[in-house]
Amino acid sequence: MAGPIVASIVATLESAVAVGGLSALGAGLYSLGIPKDTVLKYETAIKSNKFLVIAHGTPDELAKAKRLMHAGELVASR
């Protein structure tokens, strides 16, 4: 699902120089149109050993992916 997004981030990372205090990952996310304050939040989460999941699809596909992820959280917390 994330093929084109990952390819875009990787391409940016390969040529990225820290932009406005962002890491290479942050610069890649920012280049995708993610707001800088949100990028900083994501970078902090990743540095805290959390995951960042990026999904691309139709609104219905994204809603289904979100439901599946939340269902997985419920199973993991049992």
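Look up: the structure comes first, before these words.
Nothing here was measured: the structure is a model prediction, and the numbers come from that model.

## Thoughts on the overall build of the protein chain
Step number 1: Secondary structure assignment for the protein chain yields four helices and zero strands.
Step number 2: Its helices and strands in sequence order give the protein chain the pattern α-α-α-α, from N to C terminus.
Step number 3: The proportion of buried residues among the 78 residues of the protein chain is 15%.
Step number 4: The long-range share in the protein chain, meaning contacts at least 24 apart out of those at least 6 apart in sequence, stands at 24%.
Step number 5: Accessible surface, the protein chain: about 5,800 Å² in total, of which carbon and sulfur atoms supply 62%.

## Description of a nonpolar patch on the surface
Step number 1: On the surface, a nonpolar cluster with roughly 380 Å² of combined accessible area is contributed by Phe51, Val53 and Met69.
Step number 2: Counting through the fold element by element, methionine 69 comes out in helix H4 (residues 59-76).
Step number 3: On the basis of relative accessibility, which here comes to 45%, the residue methionine 69 falls in the partly exposed class.

## Details of helix H2 (residues 24-31)
Step number 1: Within H2, burial applies to Gly26, Ala27, Gly28 and Leu29.
Step number 2: At the C-terminal side of H2, glycine 33 shows a positive phi close to 100 degrees.

## Details of the environment of alanine 27
Step number 1: Summarising the element assignment, alanine 27 is placed in helix H2.
Step number 2: Residues alanine 27 and valine 39, spaced twelve residues apart in sequence, show a C-alpha to C-alpha distance of 8.4 Å.

## Here's the deal with the side chain of glutamate 43
Step number 1: With respect to the helices and strands, the residue glutamate 43 is situated in helix H3 (residues 36-47).
Step number 2: The contacts of glutamate 43, once residues within four sequence positions are left out, are Leu22, Ser23, Leu25 and Gly26.

## Quick notes on unusual backbone geometry
Step number 1: Of note in the backbone geometry, asparagine 49 takes a positive phi value of approximately 65 degrees without being a glycine.
Step number 2: A relative accessible area of 71% places asparagine 49 in the exposed class.

## Details of H3
Step number 1: End to end, H3 covers 16 Å across twelve residues, agreeing with the expected 16 Å (1.5 Å per residue, within 8%).
Step number 2: Taken from the residues just after H3, asparagine 49 is the one with a positive phi, measuring 65 degrees.

Scoring rules and cut-offs
- For every chain, the first residue of its written sequence is number 1, and the numbers climb from 1 along that sequence.
- Note on the predicted model: pLDDT of at least 70 is required for a residue's local features to be given, and 80 or more for side-chain atom pairs to be given and counted; whole-chain, interface and lining totals, by contrast, use all residues.
- Excluded from the side-chain calculation are hydrogens and water; included are all heavy atoms of the structure.
- Secondary structure elements follow DSSP: runs of H or I no shorter than four residues count as helices, runs of E no shorter than two count as strands, and numbering proceeds from the N terminus.
- Remark: exposure states derive from per-residue accessible area (1.4 Å probe, protein chains only) relative to the maximum for the residue type, with buried under 20%, exposed over 50%, and partly exposed in between.
- Any pair of residues with heavy atoms lying within 4.5 Å of one another is described as a contacting pair.
- Computed with the Shrake-Rupley method and a 1.4 Å probe, the accessible areas treat only the protein chains shown as cover for residues.
- Patch construction takes residues with relative accessible area above 30% that form no salt bridge. Like charges are linked within 9 Å, and nonpolar side chains (Val, Leu, Ile, Met, Phe, Trp, Tyr) are linked within 5 Å.
- A side-chain nitrogen of Lys or Arg and a carboxyl oxygen of Asp or Glu constitute a salt bridge if their distance falls within 4 Å.
- Helix span is expected to be 1.5 Å times the residue number reduced by one.

Limitation: the analysis is restricted to geometry and does not speak to function.
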